[in-house]
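Each chain is listed here by its residues.
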Amino acid sequence: MVLRKLPGVSASGMGLRLSQKFVFLLFLSGLVTLCFGALFFLPDTVRLNRKPSVTHGARTVERSVGSRAQEEWSPARAQEPAARDERVTSAAHNGERGSAYSYEAFKTCLLKPALGKNQGTPPDSETLQRREKVKEMMKFAWDNYKRYAWGNNELRPLTRNGHLGNMFGGLRGASIVDSLDTLYIMGLMEEYEEAKEWVQNNLDLNSNGEASLFEVNIRYVGGLLSAYYLTGAEIFKQKVMELGEKLLPAFNTPTGIPRGVINLGSGTSWSWGWASAGSSILAEFGTLHLEFLHLSQLSGNPLFTEKVMNIRKLLNKIEKPHGLYPNFLSPVSGNWVQHHVSIGGLGDSFYEYLIKSYLMSDKTDQEAQKMYYSAMEAIETNLVQKSPGGLTYLAEWRGGILDHKMGHLACFSGGMIGIGADDGPAGQRQHYLDLAAEITHTCHESYSPTKLGPEAFRFDAGAEATATRLSDRYYILRPEVIESYMYMWRLTHDPKYREWGWEAVEALEKHCRVDAGFSGIRDVYASTVSHDNMQQSFFLSETLKYLYLLFSDDDLLPLEDWVFNTEAHPLPVIRFLKIASSDRFHDCSAV
Ligand code: DMJ
């Protein structure tokens, strides 16, 4: 017997009488029954708090690189003062254990109603009419998508069929997921319900194709997150958590910097064939932060935050040429691969997510703040240029040599610099507002003569914000210029931004509206328009949403509470989050 072998206990020492043995056995069996029975009385939240195997696998790999990030970014909920509102406190603690997120508690942390006092209805009739026109455009775009391309990713409005493409790894319905919040804020409730029903019954996440991590994140993860936060419908949370887990294996690289492409079924990931030397793209791996913080927030699982904080940590530490961030980085060595810097394509939304991370953290993420303003300083020193005609623009930088070209994509930066004006170095507010206004003005200048702008425009050989190459003259319904009008309107209330927005509405109607939807055009300078037969999903998600907001009151999705991801999906400011070293804490119960 085992007892005989225990040191210091002899068999004789255990010599009990038969009746004593019986009582002892009875007591023991009672104890076992009690323990076993107790398992059935545990609350569901404890029993179900298991993480899927993918998460566990990824966590094991990540520990070595991500653990410090977790220390610094543990959700502040753990340190809440006892006196806080009970509902919020208990929700916070639940969240931290990974069980039910309290949507009701979240709403107490909003400073204002999400849809404003009156759905953002503007008081003057002209603005109201303009807003109604934008709503009609959304309905037209949606109805045609529904009629000819339902369940596909995008509508082909000339051939009246659907387009699946190869960006989303077999996921379908990109236009539906991208439209959920736009339909909701415009009050197109029947259409919103159709979209929600499709997500519930048809959004199949068990696809097995090759997806762009970036595109799936900004459109699907962003779209589902904002739909959840705006409506509280659980289905969006369920879907987004399921999808978020599927993206995690992309981070299993030697540095934790994800590669650009992931197979959503197997989790295998690789770099884009066109990206030099197997590198990852700054604007792709740098545009995950907002969504991943919210995935942690909703699930209580810090892993998502650890993944993006690890990216942040590497970028913060690495040496930067002239303080600039090149567009290509090796996910294996963690070194820059090429010295090409751009605030347009390949770089753009990385900078956007720095300032928005700071704003979304309720201005507590000082690391993001510091990185953003240092990057801005380097951009101003090296990239900001003035044309002979007096236009301010952002050139691209190739190993120290300037390319005097600005992409349409870079035109988002007017808005970005505007929303960052308040929190930079002392005395810089007006400077940043002026810079934001100048860049927005330049982008508006590029919108001529059709009042739609080319994909890229130049400032050399006599060119002043014009496309000099035929291949740069297309317009694919992109939002960036209108996005900057919207932010500049909110920041300055200068009526010219609404006028410029209206010019764009008229141009879209004239050149891009066809019988069965909206289409991009091949040459913004041609007198006879040639359509590209594609209604991009970001037209519904961004272009029309920003136009609608431009003609709405500021209390529709107030900027104090909401930060737009790079696909224009509004995500709420996280008021529970704080950096461990800071004492600051937002008391939602005081709202
Ligand atoms: C959108 O998908 C996003 O705005 C992204 O950041 C850049 N490109 C398109 C729109 O032009």
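The shown structure was predicted, so the numbers you read here are calculated from the model rather than taken from an experiment. (Residues numbered from 1 in each chain as written. Predicted model: local features only at pLDDT ≥ 70, side-chain atom pairs only at ≥ 80, totals over all residues. Heavy atoms only, no water.)

What follows is about the overall build of the protein. When you go through the protein residue by residue, the secondary structure sums to 21 helices and 19 strands. Counting all 591 residues of the protein, 58% fall into the buried class. Looking at the protein as shown, the accessible area adds up to about 24000 Å², and 54% of this sits on carbon and sulfur atoms. (Helix = DSSP H or I, 4+ residues; strand = E, 2+ residues; numbered from the N terminus. Buried < 20%, exposed > 50% of the residue type's maximum accessible area, 1.4 Å probe, protein only. Areas by Shrake-Rupley, 256 points an atom, 1.4 Å probe, with all protein chains shown as cover.)

Quick look at unusual backbone geometry now. Here S448 and P449 are connected by a cis peptide whose omega angle stands at 0°. Tracing the sequence through the fold places P449 in the loop between α18 (429-446) and β15 (456-458).

Moving on, we come to the UniProt feature "active site" (unreviewed entry) in the protein. The sites that carry the UniProt feature "active site" (unreviewed entry) are, in the present numbering, E215, D348, E455 and E480. Beyond its immediate stretch of four places on either side in the chain, D348 contacts A283, S342, I343, L409 and F412. Looking at the secondary structure, you find E480 in helix α19 (residues 480-492). Residue classification places E480 among the buried residues on the basis of a relative accessible area of 8%. In this structure, E480 is in contact with H408, L409, C411 and F412, ignoring residues within four places of it in sequence. (UniProt positions renumbered as here; feature names shortened; annotations may be inferred. Contact = heavy atoms within 4.5 Å.)

Our focus in this paragraph is helix α13 (residues 289-299). Within α13, eleven of the eleven residues are buried, leaving the element largely enclosed by the surrounding structure. Turning to α13, its buried residues number three or more, namely H289, L290, E291, F292, L293, H294, L295, S296, Q297, L298 and S299. Looking at the residues trailing α13, positive phi occurs at G300, about 75°.

So, about the sheet that holds strand β12 (residues 396-398). Strand order across the open sheet formed by three strands is β9-β12-β13, with antiparallel pairing between neighbours. Lying at the two open borders of the sheet, with one neighbouring strand each, are β9 (340-341) and β13 (401-403). Note: β9 against β12, two bridges, orientation antiparallel. Paired with H340 across the strands is R398, a residue of β12. (Pairing = 2+ DSSP bridges.)

Between helix α7 (residues 125-149) and helix α9 (residues 189-202), the shortest axis-to-axis distance is 11 Å and the interhelical angle comes to 40°. With respect to α9, the element α7 is oriented oblique. Every pair of crossing elements has a handedness; the one defined by α7 and α9 is left-handed. Contact with α7, carried on its side by K139, W142, D143 and K146, involves E191, E194 and A195 of α9 and no other residues of that element. Its residues assigned to classes, the contact of α7 with α9 shows two nonpolar, no polar and five charged. (Axes fitted to C-alpha atoms, helices over the stretch in contact; angles between N-to-C directions. Parallel < 35°, antiparallel > 145°, perpendicular 65-115°, else oblique. Left-handed = near helix turned anticlockwise from the far one by under 90°. Nonpolar A, V, L, I, M, F, W, Y, C, P; charged D, E, K, R; others polar.)

Considering all chains together, one arrives at one disulfide under this definition. Across a sulfur-sulfur distance of 2.1 Å, C411 and C443 are joined as a disulfide pair. With the S-S dihedral at roughly -90°, the linkage between C411 and C443 falls on the left-handed side. Highlighted residues: C411 in the loop between β14 (405-407) and α17 (413-419) and C443 in helix α18, separated in sequence by 32 residues. C411 gets classed as buried once you look at its relative accessible area, which sits at 0%. Classification of C443 as buried rests on a relative accessible area of 1%. (Disulfide = S-S within 2.5 Å.)

Quick look at the sheet that holds strand β5 (residues 269-270) now. Across the sheet, three strands lie side by side as β3-β4-β5; this open sheet has antiparallel pairing. Across the chains shown, the open sheet's two edge strands, defined by having one partner strand only, are β3 (210-212) and β5. Across two bridges, strand β4 (residues 261-263) lies against β5 in antiparallel orientation. Bridged to V261 within β5 is W270. With respect to the sheet, helix α10 (residues 213-231) is in contact with β3 and β4, its orientation differing from that of β3 by roughly 65°.

Before going further, it helps to examine the environment of G323. Within the secondary structure, G323 is located in the loop between α14 (303-317) and β7 (328-329). On the basis of relative accessible area, G323 is assigned to the partly exposed category, the value being 29%. In sequence terms G323 and S374 are 51 residues apart; their C-alpha atoms lie 7.3 Å from each other.

This structure, assessed with the given rule, holds 31 aromatic pairs. Taking the centre distance of 6.4 Å and the plane angle of 80° together, the rings of Y101 and Y229 count as edge-to-face. Of this pair, Y101 sits in the loop between α5 (86-97) and α6 (103-108) while Y229 sits in helix α10, and the two are 128 residues apart along the sequence. The residues Y101 and Y229 share a single accessibility class, namely buried. Arranged with centres 5.5 Å apart and planes meeting at 50°, the rings of F251 and F292 form a pair that is tilted. Taken together, the positions of F251 in the loop between α11 (234-247) and β4 and F292 in helix α13 put the pair 41 residues apart, joining distant regions of the chain. Summarising the burial analysis for this pair, F251 and F292 share the class buried. Through successive ring pairs, a cluster of aromatic residues spans Y101, Y103, F106, Y228 and Y229. (Phe/Tyr/Trp six-rings, centres within 6.5 Å; stacked < 30°, edge-to-face > 60°.)

The next point concerns the side chain of N263. Within the secondary structure, N263 sits in strand β4. Engagement of the side chain of N263 in a polar contact is seen with the backbone oxygen of N208, the distance being 3.1 Å. Within the structure, the side chain of N263 is placed 2.7 Å from the backbone nitrogen of G265, a separation counted as a polar contact. (Polar contact = N/O pair within 3.5 Å; in protein donor to acceptor, adjacent residues only side chain to side chain.)

For the rest of this paragraph, the subject is the site of the ligand. Around the ligand, the structure places I218, R219, L409, R478, P479, E480, F538, E542, T566 and E567. Within the side chain of R478, a nitrogen or oxygen atom sits 2.7 Å from an oxygen atom of the ligand. One nitrogen or oxygen atom from the side chain of E567 is found 2.6 Å from an oxygen atom belonging to the ligand. When the ligand sits alone it has 300 Å² of accessible area, and the protein chains cover 92% of it. Going through the elements one at a time, α10 and α21 (537-550) are the ones with two or more residues in the shell around the ligand. When its residues are assigned to classes, the shell around the ligand shows four nonpolar, one polar and five charged. (Near = heavy atom within 4 Å.)

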